[in-house]
Protein chains: 2
Amino acid sequence: MIDALLEKIKNGNPRALARLISKVEDESPELPEIIARIYPHLHSTLRVGFTGPPGAGKSSLVNKLLPLFKKRGHRIGVIAVDPTSPFTGGAILGDRIRMIDHQLDNDVFIRSMGTRGSLGGLAQRSRDVAKLLDYAGYDIILFETVGSGQVGSDISKSADAVAVVMVPEGGDFVQTMKAGIMELADIYVVNKSDRDGANHMVRSIQGMVELSVFETGWRPPTVCTQANADVGMDEFMQKLDEFIAYQKENGLFEKRRREQLIMEVGDILQDLLRRQVKSAFDTGAIEDVVLEKIIKHESDPYTAAHELLEHKTSL
Amino acid sequence: MIDALLEKIKNGNPRALARLISKVEDESPELPEIIARIYPHLHSTLRVGFTGPPGAGKSSLVNKLLPLFKKRGHRIGVIAVDPTSPFTGGAILGDRIRMIDHQLDNDVFIRSMGTRGSLGGLAQRSRDVAKLLDYAGYDIILFETVGSGQVGSDISKSADAVAVVMVPEGGDFVQTMKAGIMELADIYVVNKSDRDGANHMVRSIQGMVELSVFETGWRPPTVCTQANADVGMDEFMQKLDEFIAYQKENGLFEKRRREQLIMEVGDILQDLLRRQVKSAFDTGAIEDVVLEKIIKHESDPYTAAHELLEHKTSL
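Note that this is a predicted model, so its numbers are computed, not measured.

Rules behind the numbers
Note on numbering: residues in each chain are counted from 1, in written sequence order. Starting at A for chains and at 1 for ligands, labels are handed out in the order in which the entities are written. Local features in a predicted model are, by the rule used here, given only for residues with pLDDT of at least 70; side-chain atom pairs are given and counted only at 80 or more, and totals for whole chains, interfaces and linings are based on all residues. Known as pLDDT, the predictor's per-residue confidence is scaled from 0 to 100. With C-beta atoms placed from the backbone, a contact is any residue pair whose C-beta atoms sit within 7 Å. Working convention: axes come from line fits to C-alpha atoms, limited for helices to the stretch in contact. Angles between N-to-C directions cover 0 to 180 degrees. Under the DSSP-based scheme used, a helix requires at least four consecutive residues in state H or I and a strand at least two consecutive residues in state E, with every element numbered from the N terminus. Orientation is classified from the angle alone, with under 35 degrees giving roughly parallel, over 145 giving roughly antiparallel, 65 to 115 giving roughly perpendicular, and any other angle giving oblique. Crossing handedness is defined as follows: a turn of the near helix away from the far one that is anticlockwise and smaller than a right angle gives a left-handed crossing, while the clockwise case is right-handed. Two strands qualify as a pair provided DSSP detects at least 2 bridges between them. Partly exposed residues are those whose C-beta has more than 12 but fewer than 20 other C-beta atoms within 10 Å; with 20 or more the residue is buried, with 12 or fewer it is exposed, and the C-beta atoms are placed from the backbone. Along the arc lie the directions from the helix axis toward the C-beta atoms. In plain words, the nonpolar core is the set of buried Ala, Val, Leu, Ile, Met, Phe, Trp, Tyr and Cys residues that C-beta atoms within 7 Å link up. Expected helix span is computed as 1.5 Å times (number of residues minus one).

Caption draft 1: Structural detail: the confidence of the model for chain A. Residue and element names in this part refer to chain A. With 82% of its residues at a pLDDT of at least 70, chain A reaches an overall mean of 83. Overall, residues 87-93 carries pLDDT values under 50, and its contacts beyond four positions in sequence, including any with other chains, amount to 13 contacts. Predicted as a complex, the structure gets a pTM of 0.62 and an ipTM equal to 0.75.

Here it is as structure tokens:
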């Protein structure tokens, strides 16, 4: 079954790929086996993240970059993740349009992912989808995610380069600062840069960059774009090339991947522990030990959890 | 230090309460001790949850219910949680107005909580804030939360009764279904019920209720309100009373609290395990064992995590 799917994916069957991606989204118990099977064949494709507030034009930007990547001979996988959306699987809004644009294009694969009622593991699921796309021969992965909360950050952190995209209006700057994604940027993009306030926004970003200390020595540049009018796309590609070159020359590219790998193994390990705890509770094994004491207020949830932890080998 | 704060809280000092709540939000290492200290003194106050899509008027509804609870002699604590907002601590938007309304009111305490960049533990933090409010003598706790994703659900599940609030427009019904919060309702509220489509929405809800099977035998009623015009508030209170009475008569009230307690201890236990994993990774103790193999593609993240788990006693 998995053998057949993997074979089809190698032969470029997009429907087989979609089915395997669904297994990732459904957190199929076969997932660890699937990943173990494909891992030796992965090429560690370049992954670029695009994040920012809703409405900043991330989808448009990514859409307009696709032809430029294609011209360089790449096959591109796009993973659009919205941690605030309960929609999932198929396409939503702009993605639907893009999919129609590219549905007959064998060199572009676009997939939307939402929370499906559970935030847990969304970052990990998107990393695994990237592995499947790598296995299927896509050699550039573009992550596109709403920069809100931990999950947005985690997905962005899974990329080799991160562009933070904003528009000069609606308090995007302040919102991006508060959401804690400003500091994720390797490149800033001021999209819809023909609008009022674009210059002010560029100056605000540059002022902030000037006041900051960057451990790696790379000072994030700001690119002005008008994605809908195809303006600024070449400049973005150039800055991206410069950044990747800088990372590789200074040993930072491998260092970052190493750190991401540590984060990933840690996330999976936590998830395994979470399942163990859950199954221990589901079977009621440790329930009676603690519950009565808490109900009588002779103990409390924290004390009880600490006591249980000391016996964790029995979980 | 904690002694002094707890003493002041007992004496009704709202500033001391706010300081202790900040310790919860900051996940202070003193938290387990604080909870252990206050737990014997808690009264297990009634907790009512209000959830629904953004803009459904949850805040207005809660605001208009406050005088009705006060008339019954209650002191009310309101915990407004927005898992999608990076804002936290102080007041935002509607809450700011409410706080001005009630700032000299010793019988009402309102606190907004956001993600502060991290979703992890938001449900648990709001449960702990409820304990502090209980300790401070507030004998009704109202949770108000955007019904989006796991965290919204978890907070709602911490309540003795849950109202799902919607407005007859903007696809609220479908959005609520997809977000997976529809099934959390003990009472449905159609707010802004003077608007077009209210009757249709009521019929949709009732149709769905008729087709559903309810384990406890309680069939969630639908209340029409216009919170801004004070319409339907008494009817809501009546349905709430009926539900609580039904729960208590059938042993369901205690059963639900018991299940919530199991969930809470499980959440804390998971968090403790997460910290153990994190600290093991931070110290680099298990890093070299696995990382090189994954980088060489001789192993993969899932296999590595499973191997580490088998040695978890050494973490």
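Caption draft 2: Molecular detail of the packing of helix H3 (residues 31-38) of chain A against helix H6 (residues 122-135) of chain A. Residues and elements named next belong to chain A. Where H3 contacts H6, the axes come no closer than 11 Å and their chain directions differ by 40 degrees. Viewed along their axes, H3 and H6 adopt a mutual orientation that is oblique. Viewed along their axes, H3 and H6 form a crossing whose handedness is left-handed. Residues Leu31, Ile35 and Ile38 of H3 form the contact with H6, whose own contacting residues are Asp128, Lys131 and Tyr135.

Caption draft 3: Focus on the sheet that holds strand S7 (residues 222-224) of chain B. Residue and element names in this part refer to chain B. Strand order across the open sheet formed by 7 strands is S3-S2-S4-S1-S5-S6-S7, with parallel pairing between neighbours. This sheet does not close on itself; its edge strands, each paired only once, are strand S3 (108-113) and S7. This sheet shows a mean twist of 20 degrees between the axes of neighbouring strands, independent of strand direction. Relative to strand S6 (residues 187-190), strand S5 (residues 161-166) runs parallel, the two being bridged by 4 bridges. Its bridge partner lying in S6, alanine 163 is registered against isoleucine 187. Packing of helix H6 (residues 122-135) onto the sheet brings it into contact with strand S1 (46-52), strand S2 (76-81), S3 and strand S4 (140-146), and relative to S2 it is tilted by some 165 degrees. Most of the contacts of helix H9 (residues 198-211) go to S7, to which it runs at about 170 degrees, and overall it touches S5, S6 and S7.

Caption draft 4: Structural view of H3(A). Every buried residue of H3(A) is accounted for by A:Ile34, A:Ile35 and A:Ile38. Considered in projection along H3(A), the buried side chains sweep an arc of 95 degrees and stay on one side of the axis. Residues of H3(A) that are buried make contact with helix H1 (2-10), helix H2 (14-25) and H6 of chain A together with helix H13 (301-310) of chain B.

Caption draft 5: Here's a closer look at the environment of A:Val290. Among the secondary structure elements, A:Val290 is positioned in helix H12 (residues 287-295). By C-beta crowding, A:Val290 is classed as buried, having 20 other C-beta atoms within 10 Å. Counting along the chain gives 14 residues from A:Val290 to A:Ala304, while the straight-line C-alpha distance between them is 6.2 Å. In contact with A:Val290, not counting residues within four places along its chain, are A:Ser299, A:Ala304, A:Leu308 and B:Val265.

Caption draft 6: Layout of the sheet that holds strand S5 (residues 161-166) of chain A. Residue and element names in this part refer to chain A. The sheet built from 7 strands is open, its strands ordered S3-S2-S4-S1-S5-S6-S7 with parallel pairing. The sheet terminates laterally at strand S3 (108-113) and strand S7 (222-224), the two strands that pair on one side only. Strand after strand, the sheet turns through a mean of 20 degrees between neighbouring axes, direction not considered. Pairing of strand S1 (residues 46-52) with S5 involves 4 bridges; the strand directions are parallel. Along S5, the bridge assignment pairs threonine 51 with valine 164. Against the sheet, helix H9 (residues 198-211) makes contact with S5, strand S6 (187-190) and S7, and its axis sits at roughly 170 degrees relative to S7, the strand it touches most. Helix-sheet contacts for helix H10 (residues 233-249) involve S1, S5, S6 and S7, and the interaxial angle to S6 is about 170 degrees.

Caption draft 7: Representation of the pairing of strand S2 (residues 76-81) of chain A. Residue and element names in this part refer to chain A. The buried fraction of S2 amounts to 6 of the 6 residues, a majority that puts the element mostly inside the structure. Side chains Ile76, Val78 and Ala80 project from S2 onto one buried face, and the interleaved Gly77, Ile79 and Val81 project onto a second face that is buried too. As paired elements, S2 and strand S4 (residues 140-146) share 6 bridges and run parallel to each other. Residue pairing across strands places isoleucine 76 opposite isoleucine 140, the latter belonging to S4.

Caption draft 8: Fine view of the pairing of S1(A). Residue and element names in this part refer to chain A. Burial analysis of S1 places 6 of its 7 residues in the buried class, the great majority of the element. Where S1 meets S4, 7 bridges bridge the pair, whose relative direction is parallel. Bridging from a neighbouring strand, valine 48 pairs with leucine 142 of S4.

Caption draft 9: Region of the structure containing unusual backbone geometry. Look at A:Asp230: it is not a glycine, yet its phi comes out positive at around 60 degrees. Along the chain, A:Asp230 falls in the loop between S7 and H10. You can call A:Asp230 partly exposed: it has 13 C-beta atoms within 10 Å. The phi angle at B:Ser44 is positive, at roughly 55 degrees, despite the residue not being glycine. In this structure, B:Ser44 sits in the loop between helix H3 (31-38) and S1. B:Ser44 gets classed as exposed once you count the C-beta atoms within 10 Å, which come to 12.

Caption draft 10: How the structure looks around the nonpolar core. Formed by 148 residues in total, the largest nonpolar core has its most connected members in A:Val164, A:Val189, B:Val164 and B:Val189. In contact with A:Val164, not counting residues within four places along its chain, are A:Thr51, A:Gly52, A:Thr176, A:Ile181, A:Met182, A:Leu184, A:Ala185, A:Tyr188 and A:Val189.

Caption draft 11: Fine view of helix H10 (residues 233-249) of chain B. Residue and element names in this part refer to chain B. The first and last C-alpha atoms of H10 sit 24 Å apart over 17 residues, in line with the 24 Å expected at 1.5 Å per residue. Among all positions in H10, only Phe236, Lys239, Leu240, Phe243 and Gln247 are buried. For H10, the buried positions fall inside an angular range of 105 degrees around the axis, keeping them on one side. Opposite its buried face, H10 presents the exposed residues Asp234, Gln238, Asp241, Ala245, Lys248 and Glu249, each directed more than 90 degrees away. Of the residues trailing H10, glycine 251 is marked for its positive phi of about 70 degrees.

Caption draft 12: Fine view of the environment of A:Ala130. Residue and element names in this part refer to chain A. By the element assignment, alanine 130 lies in helix H6. When the 23 C-beta atoms within 10 Å are taken as the criterion, alanine 130 is described as buried. Considered as a pair, alanine 130 and isoleucine 21 are 109 residues apart in the sequence and their alpha carbons are 9.5 Å apart. Ignoring any residue separated from it by four or fewer positions in sequence, one finds alanine 130 in contact with Arg47, Ile79 and Ile141.

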